[in-house]
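Here's the letter readout for the chains.
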Amino acid sequence: MSVRSAIATWLTRLYFSRLRKRGAGLDLSVLAKLPDAALLPLRRDGLDPVPEIGGLRDREPVSRLPIPGMTVWLVSGYDEAKEVLGDAKAFSNDFRHLVGVGGAGADQNPGGLGFCDPPDHTRLRRLLTPEFTMRRLSRLTPRIHAIVEEQLAHLEKAARESGDGTADFVEHFAMPVPALVICELLGVPYEERDAFQQFSVARFDVLGGAGASFGAVSQSLDYLRGVVAEQRRNPGEGLLGMLVREHGDNITDEELTGLADGVLTGGLETTASMIALGTLIMLQDREHFDALRDAEDPATVAAPFVDELLRHLTVVQTAFPRFAREDTKIGGVPISGGDIVIVSLSAADRDPRLGGADDDMDAFLPARPPTSSHLAFGYGIHRCIGAELGKMELRAAFPQLVRRFPGLKLAVPTAELEFRKLSIVYGVDSLRVYLEDRDG
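In this text the structure is predicted, and so the values were computed from the model without any measurement.

1. Here we look at the packing of aromatic side chains
One pass over the structure, following the stated rule, counts four aromatic pairs. Pairing Phe169 with Phe173 gives two aromatic rings, centres 5.2 Å apart and planes at 40°, and the pair type is tilted. Taken together, the residues span about one helical turn, with Phe169 and Phe173 both in helix α8 (residues 169-174) at a distance of four residues. A single burial state applies to Phe169 and to Phe173, both of which are buried. On the basis of an interplanar angle of 80° and a centroid distance of 5.7 Å, the ring pair of Phe305 and Phe398 is categorised as edge-to-face. Here Phe305 is found in helix α15 (residues 298-313), whereas its partner Phe398 is found in helix α17 (residues 387-404), with 93 residues between them in sequence. An identical accessibility class is assigned to Phe305 and Phe398; each is buried. An aromatic cluster is present here, built from Phe305, Phe364 and Phe398 joined pairwise through their rings. Stacked on the ring of Trp73, the Lys or Arg Arg64 has its end atom at 5.6 Å from the ring centre. For Arg286, the ring lying beneath its charged end belongs to Phe289, and the centroid distance is 4.1 Å.

2. Here's the deal with the sheet that holds strand β12 (residues 432-434)
Taken in spatial order, the three strands line up as β6-β12-β11 in an open sheet, and their pairing is antiparallel. In this open sheet, the two strands that pair with only one neighbour each are β6 (166-168) and β11 (409-410). As defined by bridge partners, β6 adjoins β12 across three bridges and the pair is classed as antiparallel. The partner of Thr166 across the bridge, within β12, is Tyr434.

3. Comments concerning the environment of Pro66
Tracing the chain through its elements places Pro66 in the loop between β3 (62-65) and β4 (72-75). Using a relative accessible area of 36% as the deciding quantity, one classes Pro66 as partly exposed. The spacing of Pro66 and Pro35 is 31 residues in sequence and 7.0 Å in space, taken between C-alpha atoms. Ignoring any residue separated from it by four or fewer positions in sequence, one finds Pro66 in contact with Pro35, Ala37 and Ala38.

4. Considerations on the packing of helix α7 (residues 141-161) against α17
Interaxial distance between α7 and α17 falls to 10 Å at its minimum, and their mutual angle equals 40°. Relative to α17, the element α7 is oriented oblique. Between α7 and α17 the crossing geometry is right-handed. On the side of α7, the interface is formed by Thr141, Ile144, His145, Val148, Glu149, Leu152, Ala153 and Glu156, while α17 contributes Leu389, Met392, Glu393, Ala396, Ala397, Gln400, Leu401 and Arg404. Of the residues that constitute the contact of α7 with α17, the class distribution is nine nonpolar, three polar and four charged.

5. Focus: the pairing of β4
Burial of β4 is two-sided: the residues Val72 and Leu74 facing one way and the residues Trp73 and Val75 facing the other way are all buried. Sheet topology places β3 next to β4; four bridges connect them, and they run antiparallel. Within β4, the position partnered with Leu65 by the bridge is Val72. Between the end of β3 and the start of β4, which pair antiparallel, lie six residues, with Gly69 showing a positive phi angle near 85°. Sheet topology places β4 next to strand β10 (residues 340-343); four bridges connect them, and they run parallel. Paired with Val72 across the strands is Ile340, a residue of β10.

6. As for the sheet that holds strand β5 (residues 91-92)
Overall, mixed pairing links the five strands, which are arranged β3-β4-β10-β7-β5 in an open sheet. Two strands close off the open sheet at either side, each with one partner strand: β3 and β5. Running over the sheet, helix α4 (residues 78-85) touches β3, β4, β5, β7 (322-324) and β10 and is turned about 130° from β10.

7. Regarding the nonpolar core
Counting 89 residues, the largest nonpolar core has Phe169 and Phe173 as its most contacted members. By size, the runner-up hydrophobic cluster in this structure holds 20 residues, among which are Val62, Leu85, Ala319 and Ile330.

8. Concerning the pairing of β10
In β10, alternate side chains face the same way, and those of Ile340 and Ile342 on one face and Val341 and Val343 on the other are all buried. As paired elements, β7 and β10 share two bridges and run antiparallel to each other. Paired with Arg322 across the two strands is Val341, which belongs to β10.

9. Let's talk about helix α12 (residues 253-267)
Between its terminal C-alpha atoms α12 stretches 21 Å, which fits the 21 Å expected from 15 residues at 1.5 Å a residue. Of all 15 residues in α12, eleven are buried; the element is thus mostly enclosed. Among the residues of α12, Glu255, Leu256, Thr257, Gly258, Leu259, Ala260, Asp261, Val263, Leu264, Thr265 and Gly267 are the ones counted as buried.

10. Considering the environment of Met282
With respect to the helices and strands, the residue Met282 is situated in helix α13 (residues 269-284). For Met282, a relative accessible area of 0% puts it in the buried group. For the pair Met282 and Lys409, spaced 127 residues apart in sequence, the C-alpha separation works out to 9.6 Å.

11. Section: the confidence of the model for the protein chain
Predicted confidence across the protein chain gives a mean pLDDT of 81, with 79% of residues reaching 70 or more. Confidence over residues 1-32 falls short of pLDDT 50; this stretch has 59 contacts with residues more than four positions distant or in other chains. In this model residues 102-109 is a low-confidence stretch, pLDDT under 50, and it forms 21 contacts with partners more than four residues away in sequence or in other chains.

12. Let's talk about the packing of helix α9 (residues 176-186) against α12
α12 packs onto α9 with a crossing angle of 155° between their chain directions and a minimal axis gap of 10 Å. Taken together, the axis directions place α9 and α12 in an arrangement best described as roughly antiparallel. Considering the relative orientation of α9 and α12, their crossing is right-handed. Residues Pro178, Ile182, Leu185 and Leu186 of α9 pack against Ala260, Val263, Leu264 and Gly267 of α12. By residue class, the composition of the contact of α9 with α12 is seven nonpolar, one polar and no charged.

Definitions and limits used
- Residues numbered from 1 in each chain as written.
- Predicted model: local features only at pLDDT ≥ 70, side-chain atom pairs only at ≥ 80, totals over all residues.
- Heavy atoms only, no water.
- Phe/Tyr/Trp six-rings, centres within 6.5 Å; stacked < 30°, edge-to-face > 60°.
- Helix = DSSP H or I, 4+ residues; strand = E, 2+ residues; numbered from the N terminus.
- Buried < 20%, exposed > 50% of the residue type's maximum accessible area, 1.4 Å probe, protein only.
- Lys NZ or Arg CZ within 6 Å of the ring centre and 35° of its normal.
- Pairing = 2+ DSSP bridges.
- Contact = heavy atoms within 4.5 Å.
- Axes fitted to C-alpha atoms, helices over the stretch in contact; angles between N-to-C directions.
- Parallel < 35°, antiparallel > 145°, perpendicular 65-115°, else oblique.
- Left-handed = near helix turned anticlockwise from the far one by under 90°.
- Nonpolar A, V, L, I, M, F, W, Y, C, P; charged D, E, K, R; others polar.
- Core = buried A, V, L, I, M, F, W, Y, C linked by side-chain atoms within 4.5 Å.
- Expected span 1.5 Å × (residues − 1).
- pLDDT = per-residue confidence, 0-100.

This is the structure we're talking about:
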């Protein structure tokens, strides 16, 4: 317990160190030159996409983003988003399209599945898929539940020692849980876990400027290359060790590094944000909290609860950029070869076409008919390969949390929460809570 707590504390300390330095020395010149309308896909009003993007989606689900010097299209409609995400022949994800844009160099290609096209994508995904089936992932179930319990104990300890009975939910629970689960998945040795988290968050923070984001990519790749080199020498029992043992001659070190980086960035901050914001929703409406706490079969209630949370929050606000390979159309709108296409996943997941004519898709309704066809994990060949792992973590975290701390309450007014600004992965930087009901 003490070893694991120390690991989790160190991982999150690095994250919060970056947050404290956010306002210093950041190059905002890139954003300063962009009109507000160009940043529309990254803006939110609390937990909701700003009303303007919903109105744009309803009027013009495929529209031009006013970005000087390039043609960029914003796709905000659900049907149109699926059309783009599902067509890997018409639209490319290849990182080479980004070289020279915003300070990106060829050596900063993060690799992995998100920035490559078939046939490379097909080959790499085929290697990974067996490890992400429910049958294989089920071996992690006991460890996930144990990690959740350990971090709940760590959260309780932090509140007890704080002096005012509060603890930072993000620092002591939401961030460490997925960090430690990913370490289990990859097979990162305990002595290496100290450095594991620091490279994930910065790349998604647009306020740091494109150069800062790509710099964070380079740092994480350098670290992960060392992890891969050690796995080549001494393959462990995790994902990287399995790939080395079973496919070592058919996968390069750079490909292994890219895959590890994809797992890190695809599963850490995203899941942490879901845990934090999902908890915030429950604390704002105790009906949801009580329903989960009092359920005779928590798993039955947690499954639709988590799916509706994923749709409603859609913390990954935009998909990886797509590049039109040739002249084509989206929803009947002509797109020229070479144009960039940005898909707003958060706007698409609030589209009435995803639900029904009478559904209010801006509301959080766990009892609504299933909307498991949401786009929170993407769609098509690039749909997040770790989707089921993320759901497993959320289905474990929420029921265990509400049963361990039935009096859980916010320790600060909602209006004072600091939501992340202009970040591809939306979230809240801190969430102070009381673990006991302190009324009276």
